[in-house]
Amino acid sequence: MSTCNDNYFATFPDFPAMLGYHEEQNKHSQWERCQVKSLHVEPLDTKAPLYSDLSSFAHGVSLNAVKDTAQNLGLAMRMAEGYYPVRDTAYKSLLGRAKISGSVLAKLKRDTLADIINACLKEHGDDALLLIRNEKVSAVHAGGESDYSVLPVNELLRTLKAKLDERFPGNKFENGYCDHSVVSAAWSMPDQKDDLLGSYAKLLAAQGKSALAAKLTPGIRFMTSDTGVASAKVSALLVGGQYPIHIGECVAVDHRKGHTVKDFENALDQVFAQFGDLVGKLQKLLDVELDYPINAMTRVCKKLSLPKKAALEAISMYEMALGGGSATAHDVYFAMQEIPFILKTQGAPEGKLLAVEENMARALTLRWSDFDLAKGVDY
């Protein structure tokens, strides 16, 4: 699959491969600042004149990029050097610069949509910051000094790895992923297992969960995006199960307010320092006895707005496994980890999986007794 395709994604077996990919991508990415009112889009569906006029496009734009865009967003943007196809990741930010919204817009014919967007763009004197990458306009950010801050992925990765090596020697790269919307990577810290999980593992063993304690290893998850408004984030994980378990809210540095990679480096110190406290929150769930664990699980999933179909499937699986009786909030939280696993087997995009993981971690801060009620609840 070509990197210009909107549905392109890549996985990485080791850190050098991931860093090398993003180093190369950074070299060929263009960031261009211009006025919003100077932006102009044209339809690029199969019926549009541009579709059969490759000479009108900027140097380096391939026929494959044109055809792929015609099958997806169906718009092109005029630049000084020629037209560029517009990637689907740029749609939301393009509407943001035009200051329009609405689900009906996506249903319009592309020439009608282009006319509406152009009419609105002309009304705004703000600056825009465009990202041109892999033959397409990939984002149309707000371009004021206090608006979007570029945090290059390759620099974030290098900073994170240096901090990990300093704080957690012997760390192990678990996996890496990227598409045009999101970048993520996970590391485990096996040499720090006793320090970070020692008391928690002993409590698990005391409750007959020695097998679980043996599998779990501390880790961290990194996530960022430079085509959306997502922050550069790092969160604490437990790895070793069928799916990584988030155990705390992310420490995040927004792509705003002049933030730099140095701000991200400072934020890493915070999440590393908090790791023990986050494990402590998870450990406390072992002491929370639930009389109605299925009802509690249903209410918590609903509270967190987790995907309904996958949540109900996970709840049903846990109900069959439990067979009645009580359980701890810790048991229920681990049962909830089936939800991202179910979504992954159903082919959910990586960005959605990461968002669900992050959202589920909020369960660690809930007062579970409020959800442990005899009365059933409809999801």
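Calculation notes
- Residues numbered from 1 in each chain as written.
- Predicted model: local features only at pLDDT ≥ 70, side-chain atom pairs only at ≥ 80, totals over all residues.
- Heavy atoms only, no water.
- Helix = DSSP H or I, 4+ residues; strand = E, 2+ residues; numbered from the N terminus.
- Rg over C-alpha atoms; globule rule 2.2 N^0.38 Å.
- Buried < 20%, exposed > 50% of the residue type's maximum accessible area, 1.4 Å probe, protein only.
- Contact = heavy atoms within 4.5 Å.
- Axes fitted to C-alpha atoms, helices over the stretch in contact; angles between N-to-C directions.
- Parallel < 35°, antiparallel > 145°, perpendicular 65-115°, else oblique.
- Left-handed = near helix turned anticlockwise from the far one by under 90°.
- Nonpolar A, V, L, I, M, F, W, Y, C, P; charged D, E, K, R; others polar.
- Salt bridge = Lys/Arg side-chain N within 4 Å of Asp/Glu carboxyl O.
- Pairing = 2+ DSSP bridges.
- 1 Å grid on protein atoms, 1.4 Å probe; cavity = no way out; pocket = protein on both sides within 12 Å on 5 of 7 lines; lining within 4 Å.
- Points joined across faces, edges and corners; volume = space filled by probe spheres on them.

Asker: Kindly report on the overall build of the chain, identifying the contributing residues and their values.
Answerer: The helix and strand tally for the chain stands at 13 helices and 15 strands. Taking 379 residues into account, the globule formula puts the C-alpha radius of gyration at 21 Å, and the chain, at 23 Å, falls close to it. Principal-axis analysis of the C-alpha atoms places the extent of the chain at approximately 70 × 50 × 35 Å. Looking at the 379 residues of the chain, the share that counts as buried comes to 53%.

Asker: I'd like a rundown of helix H3 (residues 91-98), residues and numbers included.
Answerer: Taken across its 8 residues, H3 has 6 buried, putting it largely inside the fold. Buried-residue contacts for H3 involve strand S3 (41-43), strand S4 (75-79), helix H4 (110-121), strand S6 (127-133) and strand S7 (136-142). Following H3 by one or two positions, Lys99 has its phi on the positive side, about 60 degrees.

Asker: Please set out the packing of helix H9 (residues 293-303) against helix H11 (residues 329-336) residue by residue, giving values where relevant.
Answerer: Contact pair H9 / H11: the axes reach a minimum separation of 10 Å and the direction vectors enclose 55 degrees. If you check the angle between H9 and H11, you find them oblique. H11 is crossed by H9, and the crossing has right-handed handedness. Here Pro293, Met297, Val300 and Cys301 of H9 lie close against H11, whose contacting residues are Val332, Ala335 and Met336. Residues belonging to the contact of H9 with H11 are distributed by class as follows: 7 nonpolar, no polar and no charged.

Asker: How would you explain the pattern of salt bridges if you had to name every residue and give the values?
Answerer: Oppositely charged side chains are able to pair whenever their charged atoms sit close together. Evaluation of the coordinates by the stated rule reveals 14 salt bridges. Asp126 is the partner of Lys99 in a salt bridge, and the nearest nitrogen-oxygen pair spans 3.0 Å. You can see Lys99 sitting in the loop between H3 and H4 and its partner Asp126 sitting in the loop between H4 and S6, a full 27 residues away along the chain. We classify Lys99 as exposed; its relative accessible area is 53%. Between Asp269 and Lys163 there is a salt bridge, with its nearest N and O atoms 2.8 Å apart. Separated by 106 residues along the polypeptide, Asp269 in helix H8 (residues 261-284) and Lys163 in helix H5 (residues 153-167) bring together distant segments of the chain. Through salt bridges with shared partners, a single ionic network connects Asp6, Asp68, Arg87 and Lys136.

Asker: I'd like a rundown of helix H2 (residues 63-71), residues and numbers included.
Answerer: Of the positions making up H2, those classed as buried are Ala65, Val66, Asp68, Thr69 and Ala70. Its buried side turned inward, H2 meets S4, strand S5 (82-85) and S7.

Asker: So, the environment of Gly20: which residues are in play, and what are the values?
Answerer: Tracing the backbone through its elements, the reader meets Gly20 in helix H1 (residues 15-27). Sequence separation of Gly20 and Asn154 is 134 residues, and the distance between their C-alpha atoms is 8.1 Å.

Asker: Go over the pairing of strand S1 (residues 9-12) with me, naming the residues and quoting the values.
Answerer: Judged by which residues are buried, S1 turns out to be one-sided: Ala10 and Phe12 face inward and are buried, whereas Phe9 and Thr11, on the alternate face, are not. In terms of strand pairing, S1 meets strand S8 (residues 172-179) through 4 bridges, oriented antiparallel. Counterpart to Thr11 in the pairing with S8 is Tyr177.

Asker: Quick one: what's the story with empty space enclosed by the protein, residue by residue and with numbers?
Answerer: By the definition in use, this model includes 1 cavity of 30 Å³ or more. Looking at the largest cavity, its volume works out to about 110 Å³. Contributions of two or more residues to the lining of the largest cavity are made by H1 and S8. Of the residues contributing to the lining of the largest cavity, the split by class is 4 nonpolar, 8 polar and 3 charged.

Asker: Kindly report on the sheet that holds S7, identifying the contributing residues and their values.
Answerer: Reading across from one edge, S2-S6-S7 is the order of the 3 strands in this open sheet, with antiparallel pairing throughout. One side of each edge strand has no neighbouring strand; the edge strands of this open sheet are strand S2 (30-35) and S7. Within the sheet, the average angular offset between the axes of one strand and its neighbour, ignoring direction, is 25 degrees. Relative to S6, S2 runs antiparallel, the two being bridged by 6 bridges. From the neighbouring strand, Trp31 faces S6, where its bridge partner is Leu131. Lying over the sheet, H3 contacts S6 and S7, oriented at roughly 40 degrees with respect to S7.

Asker: Kindly report on the pairing of strand S10 (residues 217-224), identifying the contributing residues and their values.
Answerer: Among the 8 residues of S10, 8 are classified as buried, and the element is accordingly described as predominantly covered. Taking every second residue as pointing to the same face, both faces of S10 are buried, with Thr217, Gly219, Arg221 and Met223 on one and Pro218, Ile220, Phe222 and Thr224 on the other. As defined by bridge partners, strand S9 (residues 183-188) adjoins S10 across 6 bridges and the pair is classed as antiparallel. Residue pairing for S10: Trp187 is matched across the bridge by Ile220. Pairing between S10 and strand S11 (residues 232-239): 7 bridges, direction antiparallel. Looking at S11, one finds that Gly219 is bridged to Leu237.

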